[in-house]
Amino acid sequence: MDPLTTAPVLVMGASGFLGSHVARQLVARGDRVRVLLRETSPTRGIDDLDVERHYGDIFDEAAVRAAMSGCEVVYYCVVDTRAWLRDPAPLFRTNVDGLRGVLRIAAETRLRRFVFTSTIGTVGLGDGPAPATEDTPFDWAEAGGAYIRSRREAEELVLRHSREHGLPAVAMCVANTYGTGDWQPTPHGSLVALAALGRMPVYFRGVASEVVDVEDAARALLLAGEHGRPGERYIVSERFVSQREIYRIAAGAGNVPAPRFGIALLVLVAVGRMASIIGRLLRRDIVLNATAVNLLRHTGPLDHGKAVRELGWRPGSAAQAIERAARFAVERRRRRDRVSHP
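The present account deals with the structure reproduced in this document. Being a predicted model, the structure only gives us computed values, none of them experimental.

## What to know about the sheet that holds strand β11 (residues 239–242)
Now for step 1: Ordered in space as β7-β9-β11, the three strands form an open sheet in which the pairing is mixed. Of all strands in the sheet, those bounded by a partner on one side alone are β7 (176–178) and β11. Strand-to-strand twist across the sheet, computed as the mean angle between neighbouring axes with direction ignored, equals 50 degrees.
Now for step 2: The pairing of strand β9 (residues 208–213) with β11 spans four bridges and is antiparallel.

Okay, structure coming up:
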């Protein structure tokens, strides 16, 4: 893809896993790239890129306006993914309230596209054998908890600005992303790292998820910046893979035994409920709580055909991306060990 304009493009959330790959691909194709970062943002994923840095957060109106000034396309990759929080206020503050201010500024700017990173968690599961699509009615609101509510509110806010204020926005419903450069790392990337290092002794039977190569996901966002229809949603996922298969691939890449023992899903549910009770008693956030377990349980296969037809997206193998993620985790650990024990 060649740059369509000499005007700068803005990546918000470029310090994150997907955002850093979006910035990297934009730079590679020759775009003038701006990024909006907090002063405290970890930037290892983009430190080698020639980008124009603006500093501030999404609540800093002056910083957002300055970063967006003169841009034709904005890629919005800002999200709080901490689904396990006992207090959901931070989720709504970032995912909804912060976004609201950004959209107000974007609607006043002469943008050609506003590409919003949403999640497949906003897509309905459906009740038939066919994979769900963007048009499948949402049908698991109660099970999704506050995290999914915040993401659905955010997506609807974007689409409402498209309908009512003429913002040329598209919503990209992105699956779990895998690949190199997951420095922080993401929650699902952490599990792949454990499997690649031989520290994942078990898997849970009946748990699966939609997955995609992070580079393919970034490419889908760039395509949406060119061809996405304002007001539309696009599923960005390559395939539906069992947890057992994900860990098997990761373990193979790390040259360690794959988890052999499968634990029933009901056990996972019980663990999640108990963790939530303990978290309330101790007033602590526990990652594998009841809400997190529900997010693992309520998944199903999706159809990404709309992105293929309308954007020209052609995803590669997510299995190979999981292998790359595993090798990245192993090499990262080796580098740490060499620093610790020279």
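## Considerations on unusual backbone geometry
Now for step 1: The omega torsion across Q184 and P185 is -20 degrees, close enough to zero to call that bond cis.
Now for step 2: Even without being a glycine, N255 presents a positive backbone phi close to 60 degrees.
Now for step 3: Inspection of the secondary structure assignment puts N255 in the loop between α7 (243–254) and β12 (261–263).
Now for step 4: The phi dihedral of R283 falls on the positive side, at around 55 degrees, and the residue is not glycine.
Now for step 5: Relative to the elements of secondary structure, R283 occurs in the loop between α8 (265–282) and α9 (290–297).

## Examining the packing of helix α2 (residues 61–68) against helix α3 (residues 89–108)
Now for step 1: Interhelical geometry of α2 versus α3 gives an angle of 40 degrees and a closest axis separation of 10 Å. Taken as axis vectors, α2 and α3 run oblique relative to one another. The handedness of the crossing between α2 and α3 comes out as right-handed. Contacts between α2 and α3 involve E61, V64, R65 and M68 on the former and, on the latter, V102, R104, I105, A106 and E108.

## A short note on the sheet that holds strand β1 (residues 9–12)
Now for step 1: If you trace the seven strands from one edge of the open sheet to the other, you get β3-β2-β1-β4-β5-β6-β10, paired in parallel fashion. Of all strands in the sheet, those bounded by a partner on one side alone are β3 (52–55) and β10 (233–236). Ignoring strand direction, the axes of neighbouring strands in this sheet form an average angle of 20 degrees.
Now for step 2: Note that strand β2 (residues 33–37) and β3 share four bridges and pair parallel. Opposite L37, over in β3, you have Y55 as the bridge partner.

## Remarks on the pattern of salt bridges
Now for step 1: Applying the stated criterion across every chain yields a total of 22 salt bridges.
Now for step 2: R24 is paired through a salt bridge with D48; the nearest N and O atoms lie 2.8 Å apart. Taken together, the residues span a long stretch of sequence, with R24 in helix α1 (residues 17–28) and D48 in the loop between β2 and β3 at a distance of 24 residues.
Now for step 3: Residue classification places R24 among the partly exposed positions, given a relative accessible area of 30%.
Now for step 4: Between R65 and E108 there is a salt bridge, with its nearest N and O atoms 2.9 Å apart. Taken as a pair, R65 in helix α2 and E108 in helix α3 lie far apart in primary sequence, 43 residues in all.
Now for step 5: Among the charged side chains, a salt-bridge network with shared partners connects E61, R65, R104 and E108.

## A closer look at the state of the cysteines
A covalent bond between the sulfur atoms of two cysteines is referred to as a disulfide.
Now for step 1: For the coordinates displayed, the defined rule picks out zero disulfides.
Now for step 2: The thiol of C77 is not disulfide-bonded; the next cysteine sulfur, from C173, is found 14 Å away.
Now for step 3: A relative accessible area of 11% places C77 in the buried class.
Now for step 4: We classify C173 as buried; its relative accessible area is 0%.

## Topic: the environment of N289
Now for step 1: Within the element layout of this structure, N289 appears in the loop between α8 and α9.
Now for step 2: Classification of N289 as buried rests on a relative accessible area of 7%.
Now for step 3: On a C-alpha basis, the gap between N289 and L268 in space is 9.6 Å, while along the polypeptide they are 21 residues apart.
Now for step 4: Among all residues touching N289, those that are not within four sequence positions of it are W84, G272, A275 and S276.

## Some details on the nonpolar core
Now for step 1: In this structure, V11, V22, Y75, M172 and L221 are the most contacted members of the largest nonpolar core, which totals 42 residues.
Now for step 2: Elements with a minimum of two residues in this core: β1, α1, β2, β4 (73–76), β6 (169–174), α6 (214–227), β10 and α10 (305–311).
Now for step 3: Broken down by element, the residue count for this core peaks at eight residues, all from α6.
Now for step 4: With sequence-adjacent residues up to four places away left out, L221 is seen in contact with L18, V22, Y75, C77, V115, T117, M172 and V174.
Now for step 5: L36, A67, F116 and A154 belong to the second largest nonpolar core, which has 29 residues in total.

The rules behind the values
- Residues numbered from 1 in each chain as written.
- Predicted model: local features only at pLDDT ≥ 70, side-chain atom pairs only at ≥ 80, totals over all residues.
- Heavy atoms only, no water.
- Pairing = 2+ DSSP bridges.
- Helix = DSSP H or I, 4+ residues; strand = E, 2+ residues; numbered from the N terminus.
- Axes fitted to C-alpha atoms, helices over the stretch in contact; angles between N-to-C directions.
- Parallel < 35°, antiparallel > 145°, perpendicular 65-115°, else oblique.
- Left-handed = near helix turned anticlockwise from the far one by under 90°.
- Contact = heavy atoms within 4.5 Å.
- Salt bridge = Lys/Arg side-chain N within 4 Å of Asp/Glu carboxyl O.
- Buried < 20%, exposed > 50% of the residue type's maximum accessible area, 1.4 Å probe, protein only.
- Disulfide = S-S within 2.5 Å.
- Core = buried A, V, L, I, M, F, W, Y, C linked by side-chain atoms within 4.5 Å.

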